[in-house]
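Listed here are the chains, written in short residue letters.
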Amino acid sequence: NALELAEISLTHRLEIQEKYDELRDRLAETRAENPRLKTEMEELKERIGSLEKVEGAECPLCGKPLDPVERQNLIVQLKDEGAALGDRYRSNRALMLELEESAQDFQAQLDRLSKVDEEVRQRSRVLEQINARIEQQEKLRNHWQAERQPHLERVQQQLASGEYAEDARQS
C-alpha cells in the first residue's frame, strides 16, 4: 500500500534527519577543536624550543631552577603532550573528512526522501480528488435512485401495459 510505504518513508526520513543533525553537530565540534589544538601545539613547541635553548631553565609551575635531567624530562613530557595533541589533530582531520562524506550521504538520502514525500503528497491530492468525485457520483446515483428511477419504472410499466396517451391513441 502506498500510504504504508509513505509512512515508512517518513519515519525513515525523520531518523536520517536526526542522525544528520547529530553528525553536523559533531562535525562542528571537531572543526572548532582543531584550531585550539593547533594553538596548544604551537605553544608547546615554543616552550620546548625555549627549554632546549636555555641551560638554567626554570620550572614552569613553581619557578625553581631545573637541573639538566629535570629539564630534559620536562622537554620529553612536553614533546609527548605535543605528540598527543598532534595525533588528536590528525585524527580530527580524518574524522572531519569522514563526517563530511557521511553528511553528504545523509543529505543525498534526505533529498531522495523529500522527493518521495512530495510524490506521496501529490498522490494524496489525486486520491482526495478521486474520492471527492466518487462521493459526488454516489450522491448523483442516490438522487437518481430516489427521485428518477421510480419515475422511469412507472413510464416503462405504462409503456408495457399500453396505459399511456389514451386520448392521442384513440384519435
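As the structure is a computational prediction, the values presented were derived from the model and not from experiment.

1. Quick look at the overall build of the protein
- Within the protein, the regular secondary structure consists of three helices and zero strands.
- The linear arrangement of helices and strands in the protein, starting from the amino end, is α-α-α.
- For 171 residues, the compact-globule estimate of 2.2 N^0.38 gives 16 Å, and the protein exceeds it by more than 25% at 42 Å.
- Projecting the C-alpha coordinates of the protein onto the three principal axes gives extents of approximately 145 × 25 × 20 Å.
- The buried share of the protein, taken over its 171 residues, is 19%.
- Taken as a whole, the protein presents about 13,500 Å² of accessible surface, with 50% of it coming from carbon and sulfur.

2. Describing the pattern of salt bridges
- Summed over the entire model, instances satisfying the criterion amount to 11 salt bridges.
- Each of Glu 33, Arg 36, Glu 40 and Arg 88 takes part in salt bridges that share partners, so that together they form one network.

3. Brief notes about the nonpolar core
- Counting 11 residues, the largest nonpolar core consists of Ile 16, Tyr 20, Leu 23, Leu 27, Leu 95, Met 96, Leu 99, Ala 103, Phe 106, Leu 110 and Leu 113.
- Only helix H1 (2-53) and helix H2 (68-161) provide two or more residues apiece to this core.
- In terms of residues, this core owes the most to one element, H2, which gives seven residues.
- Beyond its immediate stretch of four places on either side in the chain, Leu 110 contacts Arg 13, Ile 16, Gln 17 and Tyr 20.
- Membership of the second largest hydrophobic core comes to 10 residues, among which are Leu 37, Leu 44, Leu 66 and Leu 78.

4. Considerations on the side chain of Glu 33
- You can see Glu 33 is positioned in helix H1.
- In terms of polar contacts, Glu 33 uses its side chain to reach the side chain of Asn 92, at 2.8 Å.
- In contact with Glu 33, other than residues within four places in its own chain, are Arg 88 and Asn 92.

5. Some points on the side chain of Asp 117
- Here Asp 117 shows up in helix H2.
- A polar contact is formed between the side chain of Asp 117 and the side chain of Arg 13, at a distance of 3.0 Å.
- Contacts of Asp 117, omitting those with residues within four sequence positions, involve Ser 9, Leu 10 and Arg 13.

6. Some words on a negative patch on the surface
- Where like charges cluster on the molecular surface, the negative patch consists of Glu 15, Glu 18, Asp 21, Glu 22, Asp 25 and Glu 29.
- With respect to the element layout, Glu 29 can be found in helix H1.
- Under the relative-accessibility criterion, Glu 29 is labelled exposed at 56%.

7. Quick look at H2
- Here H2 spans 132 Å end to end across 94 residues, near enough to the 140 Å set by a 1.5 Å rise per residue.
- Maximal helix bending in H2 amounts to about 45 degrees, located at Arg 148; proline Pro 150 follows within four positions.
- One or two steps after H2, the chain reaches Gly 162, where phi turns positive at roughly 80 degrees.

8. Some words on a nonpolar patch on the surface
- Nonpolar side chains collect at one region of the surface, where Val 126, Ile 130 and Ile 134 lie side by side and expose about 230 Å² of accessible area between them.
- Positionally, Val 126 belongs in helix H2.
- By relative accessible area, Val 126 is classed as partly exposed at 39%.

9. Details of unusual backbone geometry
- At Ala 165, a position not held by glycine, the phi torsion is positive, near 40 degrees.
- Note that Ala 165 resides in the loop between H2 and helix H3 (166-170).

How each quantity is defined
- Residues numbered from 1 in each chain as written.
- Predicted model: local features only at pLDDT ≥ 70, side-chain atom pairs only at ≥ 80, totals over all residues.
- Heavy atoms only, no water.
- Helix = DSSP H or I, 4+ residues; strand = E, 2+ residues; numbered from the N terminus.
- Rg over C-alpha atoms; globule rule 2.2 N^0.38 Å.
- Buried < 20%, exposed > 50% of the residue type's maximum accessible area, 1.4 Å probe, protein only.
- Areas by Shrake-Rupley, 256 points an atom, 1.4 Å probe, with all protein chains shown as cover.
- Salt bridge = Lys/Arg side-chain N within 4 Å of Asp/Glu carboxyl O.
- Core = buried A, V, L, I, M, F, W, Y, C linked by side-chain atoms within 4.5 Å.
- Contact = heavy atoms within 4.5 Å.
- Polar contact = N/O pair within 3.5 Å; in protein donor to acceptor, adjacent residues only side chain to side chain.
- Patch = residues over 30% accessible without salt bridge, like charges linked within 9 Å, V, L, I, M, F, W, Y side chains within 5 Å.
- Lys, Arg positive; Asp, Glu negative; His and termini not counted.
- Charge placed at Lys NZ, Arg CZ, Asp CG, Glu CD.
- Expected span 1.5 Å × (residues − 1).
- Bend = angle between axes of the 7 residues up to and from the residue.

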